[in-house]
Protein chains: 4
Amino acid sequence: MLFEPVPVLDHGFIRVVDYMGDDEAIVQAARVSYGRGSKRRRRDRGLIRYLMRHWHTTPFEMCEIKLHVKLPIFVARQWIRHRTASVNEYSARYSVLDHEFYVPERDRLQAQSTLNSQGSGDVLNDDEAQRVLDLLTTDAGQAYEHYEEMLNLDAEGATLDSDRQGLARELARMNLSLNFYTQWYWKIDLFNLLHFVWLRADPHAQYEIRAYADVLLDVIRRWVPLTYDAFMDYRMNAASISGPGLAVLRRMLNGEAVDQESSGLAPAEWRELMKLLNSES
Amino acid sequence: MLFEPVPVLDHGFIRVVDYMGDDEAIVQAARVSYGRGSKRRRRDRGLIRYLMRHWHTTPFEMCEIKLHVKLPIFVARQWIRHRTASVNEYSARYSVLDHEFYVPERDRLQAQSTLNSQGSGDVLNDDEAQRVLDLLTTDAGQAYEHYEEMLNLDAEGATLDSDRQGLARELARMNLSLNFYTQWYWKIDLFNLLHFVWLRADPHAQYEIRAYADVLLDVIRRWVPLTYDAFMDYRMNAASISGPGLAVLRRMLNGEAVDQESSGLAPAEWRELMKLLNSES
Amino acid sequence: MLFEPVPVLDHGFIRVVDYMGDDEAIVQAARVSYGRGSKRRRRDRGLIRYLMRHWHTTPFEMCEIKLHVKLPIFVARQWIRHRTASVNEYSARYSVLDHEFYVPERDRLQAQSTLNSQGSGDVLNDDEAQRVLDLLTTDAGQAYEHYEEMLNLDAEGATLDSDRQGLARELARMNLSLNFYTQWYWKIDLFNLLHFVWLRADPHAQYEIRAYADVLLDVIRRWVPLTYDAFMDYRMNAASISGPGLAVLRRMLNGEAVDQESSGLAPAEWRELMKLLNSES
Amino acid sequence: MLFEPVPVLDHGFIRVVDYMGDDEAIVQAARVSYGRGSKRRRRDRGLIRYLMRHWHTTPFEMCEIKLHVKLPIFVARQWIRHRTASVNEYSARYSVLDHEFYVPERDRLQAQSTLNSQGSGDVLNDDEAQRVLDLLTTDAGQAYEHYEEMLNLDAEGATLDSDRQGLARELARMNLSLNFYTQWYWKIDLFNLLHFVWLRADPHAQYEIRAYADVLLDVIRRWVPLTYDAFMDYRMNAASISGPGLAVLRRMLNGEAVDQESSGLAPAEWRELMKLLNSES
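Structure report, in brief. Source: prediction; values computed, not measured.

Across the boundary between the two partners, chain A contributes 39 residues, which contact 39 residues of chain D. Of the roughly 3,200 Å² buried where chain A meets chain D, counting both sides, 50% is carbon and sulfur surface. Where chain A meets chain D, there are two salt bridges. Note that Glu64(D) is salt-bridged to Lys187(A), the shortest N-O span being 2.5 Å.

Here it is as structure tokens:
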């Protein structure tokens, strides 16, 4: 599993650099708490599922992973909002950024929703999509060309014009757009990694960060398979139902016909509950 | 709400020292994210409920509270496990601890459960309870008497015997038992306070820390009433139902009779789900 | 001090939104630790200086401040690396970013150093500077124009062309360059604010973030003047001297002539020590 | 280095359970920041010393270690104040604590200082020391005896009296004193471990936690020898000299005779500076 970069988007990747601990380490840490008083030895799988179901966190913190990630800057800006991790990012103060920028695939060019403030799910029509791709490609290309000119460097990193000084890298970078790629080492414990994935593999997350979260999900599956199964059942595929929602549910299970008005739920919450109860059925 | 210490247990209290922000500050912070793009202005209550329901966290971090708490050391040891807070504790290295220790009320003396490793809910019979109260009171009293003797101090803090040196406070304190009271300033943001209360006002938490969590819940109710309501509905009285649990629920709502075997759930999880669906009914 | 935005760079600002605590709150928290055992009551100023000199941290955590900051994205990317704060950023997923980007003043256009990897301190000559300003201005202007075109919005936020759909905001933003302005609410405790300023008001920090750190320093001076004085003496204007460096110092104070070779220090460290001992003299 | 418990105090130990990364991983992470722009490849040792000297933190966060520690509860209470670590503690809610408590060695029984609030450094005279040892041993022994009686368990964990219920473990533990041993798994990154050791191996730390910090220092020496050397030179044996202190130093190096009054320093700070400059000489 180590060292193999898994491609993400057009130029990105995730590569596992190192890790510490596994399912067994979680079980071992959890059993510290029970000590000699633990009469009934649960089996590993059952214990991990119990821990996940009852929101125990510290045993999952006992595993750690270090990743090398290449990602567009606008994705990095969302990613870094998760504070419980260690990061060493490639520095554009000291180094020259590569000539690599993200351009979405045509079928990922969602229109703006008119209902809410997110992407609508509808893909742009062909003409409009082509125009967007042209603009993104041309502007990023030109930004990079001017970046190199300001640095007084050619594509191989050699001085362009020996009579010029070249602008400091820390300043020239400001001309690059948010779809340029950066890279970093990112180290995080398993508990916080699961939380990251739970937020970022969610359908409401932007597609581009979801693409990374999906790869992370697969890393977790291969690294800690028992934890992965429990995580899928008790987090990713689980739902939180509010107190008033549970009351509605109990009435329905008792055979009562309930509609939004008689439910006491606000329309949006009623819709969300109905969607949850009817999905897959 | 400020400055009034609210009594907890036999000698403890919680006192609000200062706070910053309120429901309005949460709304204000959330609206930063929507900026001029926010067409539909939600009203405050609806917005706070939306934020809570969809697990937004940062707007709730915009409120902060500082508390002065007096609590038994064994409760303090559980409390301090929450890392996202600032603490200034009364130091028994530098100061002499007060002659105050916790003794449970008789009807709180639970027996050990034989089924699991927690308190059973059954209260000790009278004779056994009296013996426990006697032991706790006598041992703590003697521990404190010897603490003072080692310090060479009398109850007023005056030197007992001018020919003796007196042991360092940082050492003498080790003779005190875990039911002695300590105190601290504890500062935390609202998001993390809610999380603390969610964990510690839970029926599985030990009664003694729950007593503090219940007071905190009331502080929250008076401080940020809209947030309190949303928190009660979407956290305290809510339940997380697993993916397999949701599948069972959908079958039941479709009129299918499901039992544990046909559910595919493990016995413990089946019991928990049934308890949830039948409670209050 | 509240509500007044202090301008920073060409379009940025820092505005204090709220705060909790002051010098007195630090003293109060520190005294909790000393309790009745504290015989000698230090005066506030002396106590705060003592706390700062001996690296006490928790009393300074008892103060909290909330700021509204407008800053270029490349500055925001450095700023966010400080993890011990709460942030609500204006979201370009939901909202349209303003037409405001940073262009350095001409005398801030440093050349790249040939010695190390940072800015050199030398300012670009006039022709090269003019070219850089032209490129930055033109590219950002064009990026924004195309951003609006992709969004299908005009400068007033009205639909440009009713036959087009408009790209989702979360995608269109990737065309903007790193000098565009963003804004956020940023809430942090005083201890971590001091640490932030110590790192970012340092001469090695990039000029643009230093400009913000300098304003923060002034906010601190007005908010907690005793802490500010102690911070200047014991952090900002202090220096850490290594064990081997201290040995050199002792030899020099004994009248011995020491040079780099006889010092046992590496050349770079020797230079740094000499620079420190000779500055201002 | 793994698995071997290193004894600390009378019944405690530190045992390395697992670790991730080494000196090489720090170098690798630091070089990410410099990328292809790094002309001059520093050698590992020099780079690590540079990072330490200039307070770089994130490369040191790339290493992680997990320890199993057995320690008295009053030491655990100081230890847990460091928030940037993951902990799984043996739970006295679920398990029965062992019959093991700490009693200091006779030559560690310091008297209380009359000057400040800490231990004085003077050891108690023989009679007083013997009395302290008797009290500590007798009280802890009795506390444990009553703990077992309340639990209705004998020394082998068998039921004492089949007619009694036995108090819940979570309650009975409150009778134990702070010198009883607990144990935990403690996982932390190298940067935060160094900070912990810097604070707790300090002469002002209480002897009992210093005993653990000294073992940790040796673990660091064997784990990351280059980092250990840099840490000793630039942290453990280094000193921070204030701005006014540096000014005094410069005057002295210029041959000027400076005393406390002419220094402008407060008496306490002057004493600390003189002690620093004269130690070892």
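For the structure on display, the rule yields 59 salt bridges over all chains. Within the structure, one salt-bridge network assembled from shared partners comprises Glu64(A), Lys187(A), Glu64(D) and Lys187(D).

To continue, consider the sheet that holds strand 1 (residues 6-8) of chain C. Residue and element names in this part refer to chain C. Read across the open sheet, the five strands follow the order 1-2-3-7-4; overall the sheet is antiparallel. Only two strands of the sheet have a single neighbouring strand rather than two, namely strand 1 and strand 4 (86-89). Neighbour-to-neighbour, the strand axes of the sheet open up by a mean angle of 25°, direction not taken into account. Pairing of strand 2 (residues 12-20) with strand 3 (residues 64-72), which is carried by seven bridges, proceeds in the antiparallel orientation. What sits directly across from methionine 20, in strand 3, is glutamate 64. Running at roughly 130° to strand 7 (residues 181-189), helix 7 (residues 190-200) makes contact with strand 3 and strand 7 of the sheet.

This part covers the relation of the copies chain A and chain C. You can overlay chain A on chain C at an RMSD of 0.0 Å; the transform is a turn of 180° with a shift of 0.0 Å along its axis. Expressed as an axis order, the relation between the two copies is that of a two-fold axis. Residue Ser177(A) of chain A places its C-alpha closer to the rotation axis than any other residue of that unit, at 1.8 Å. When the interface residues of chain A are mapped onto chain C, 98% of them again fall at the interface, so both copies present the same face.

In a regular helix each residue adds 1.5 Å, so 26 residues correspond to 38 Å; helix 5 (residues 126-151) of chain D covers 37 Å between its end C-alpha atoms and thus fits that length. Positive phi appears at Asn152(D), one or two residues downstream of helix 5 of chain D, with a value of about 65°.

Contacts between the two partners involve 60 residues from chain A, matched on the other side by 59 residues from chain C. For the pair chain A and chain C, the two sides together bury roughly 5,500 Å², of which 49% comes from carbon and sulfur. Contact with chain C buries surface across chain A, with Arg77(A), Gln165(A) and Met174(A) losing the most and accounting together for 13% of the total. Across the contact surface, chain A and chain C share six salt bridges. Between Glu149(C) and Arg131(A) there is a salt bridge, with the nearest N and O atoms lying 2.5 Å from each other. Here chain A and chain C share 40 residue pairs in polar contact (both at pLDDT 80 or more) between them. Of all the secondary-structure elements, those providing two or more residues to the side of chain A that touches chain C are helix 4 (73-79), strand 4 (86-89), strand 5 (110-112), strand 6 (119-123), helix 5 (126-151) and helix 6 (169-172) of chain A.

Before going further, it helps to spend a moment on the packing of aromatic side chains. One pass over the full model with this rule turns up 44 aromatic pairs over all chains. Taking the centre distance of 5.0 Å and the plane angle of 55° together, the rings of Trp186(A) and Phe196(A) count as tilted. Remark: Phe196(A) occurs in helix 7 (residues 190-200) and Trp186(A) occurs in strand 7 (residues 181-189); sequence separation between them is ten residues. The pair formed by Trp186(A) and Phe196(A) is uniform in burial state, with each residue classed as buried. Taking 4.9 Å as the distance between ring centres and 50° as the angle between the ring planes, the aromatic pair formed by Trp79(B) and Phe196(B) counts as tilted. Of this pair, Trp79(B) sits in helix 4 (residues 73-79) while Phe196(B) sits in helix 7 (residues 190-200), and the two are 117 residues apart along the sequence. Phe196(B) matches Trp79(B) in its accessibility class, with the two residues each being buried.

All names here are of chain C. Tracing the sequence through the fold places leucine 151 in helix 5 (residues 126-151). On the basis of relative accessibility, which here comes to 7%, the residue leucine 151 falls in the buried class. Taking the C-alpha atoms as reference points, leucine 151 and alanine 85, 66 residues apart in sequence, are found 33 Å from one another. Filtering out sequence-adjacent residues up to four positions away, leucine 151 remains in contact with Val96, Gly166, Leu167, Ala168, Arg169 and Ala172.

Once that is clear, we can look at the sheet that holds strand 7 (residues 181-189) of chain B. All names here are of chain B. Pairing within the open sheet is antiparallel, and its five strands lie in the order 1-2-3-7-4. Looking at which strands have only one partner, the edges of the open sheet turn out to be strand 1 (6-8) and strand 4 (86-89). Taken pair by pair, the neighbouring strands of this sheet meet at an average axis angle of 25°, ignoring direction. In this structure, strand 1 lies alongside strand 2 (residues 12-20), joined through three bridges in antiparallel fashion. Within strand 2, the position partnered with valine 8 by the bridge is glycine 12.

So, about the environment of Leu47(A). Among the structural elements, Leu47(A) can be located in helix 2 (residues 44-53). Residues Leu47(A) and Ala30(A), 17 residues apart in the sequence, show an inter-C-alpha distance of 8.4 Å.

With that settled, consider unusual backbone geometry. Non-glycine residue Trp55(C) carries a positive phi angle of around 60°. Mapped onto the fold, Trp55(C) is located in the loop between helix 2 (44-53) and helix 3 (58-61).

One face of the sheet, then the other: side chains in a regular strand alternate in exactly this way. All names here are of chain A. Counting buried positions along strand 7 gives nine out of nine residues, so the element sits mostly inside the fold. The alternating pattern of strand 7 places Tyr181, Gln183, Tyr185, Lys187 and Asp189 on one face and Thr182, Trp184, Trp186 and Ile188 on the opposite face, and all of these are buried. Alignment of strand 3 (residues 64-72) against strand 7, held across nine bridges, turns out to be antiparallel. Counterpart to leucine 71 in the pairing with strand 7 is threonine 182.

Cut-offs used in this document
- Residues numbered from 1 in each chain as written.
- Chains lettered and ligands numbered in written order.
- Predicted model: local features only at pLDDT ≥ 70, side-chain atom pairs only at ≥ 80, totals over all residues.
- Heavy atoms only, no water.
- Contact = heavy atoms within 4.5 Å.
- Buried area = accessible area lost by both parts, 1.4 Å probe.
- Salt bridge = Lys/Arg side-chain N within 4 Å of Asp/Glu carboxyl O.
- Pairing = 2+ DSSP bridges.
- Helix = DSSP H or I, 4+ residues; strand = E, 2+ residues; numbered from the N terminus.
- Axes fitted to C-alpha atoms, helices over the stretch in contact; angles between N-to-C directions.
- Least-squares fit on C-alpha atoms with pLDDT ≥ 70 in both.
- Expected span 1.5 Å × (residues − 1).
- Polar contact = N/O pair within 3.5 Å; in protein donor to acceptor, adjacent residues only side chain to side chain.
- Phe/Tyr/Trp six-rings, centres within 6.5 Å; stacked < 30°, edge-to-face > 60°.
- Buried < 20%, exposed > 50% of the residue type's maximum accessible area, 1.4 Å probe, protein only.

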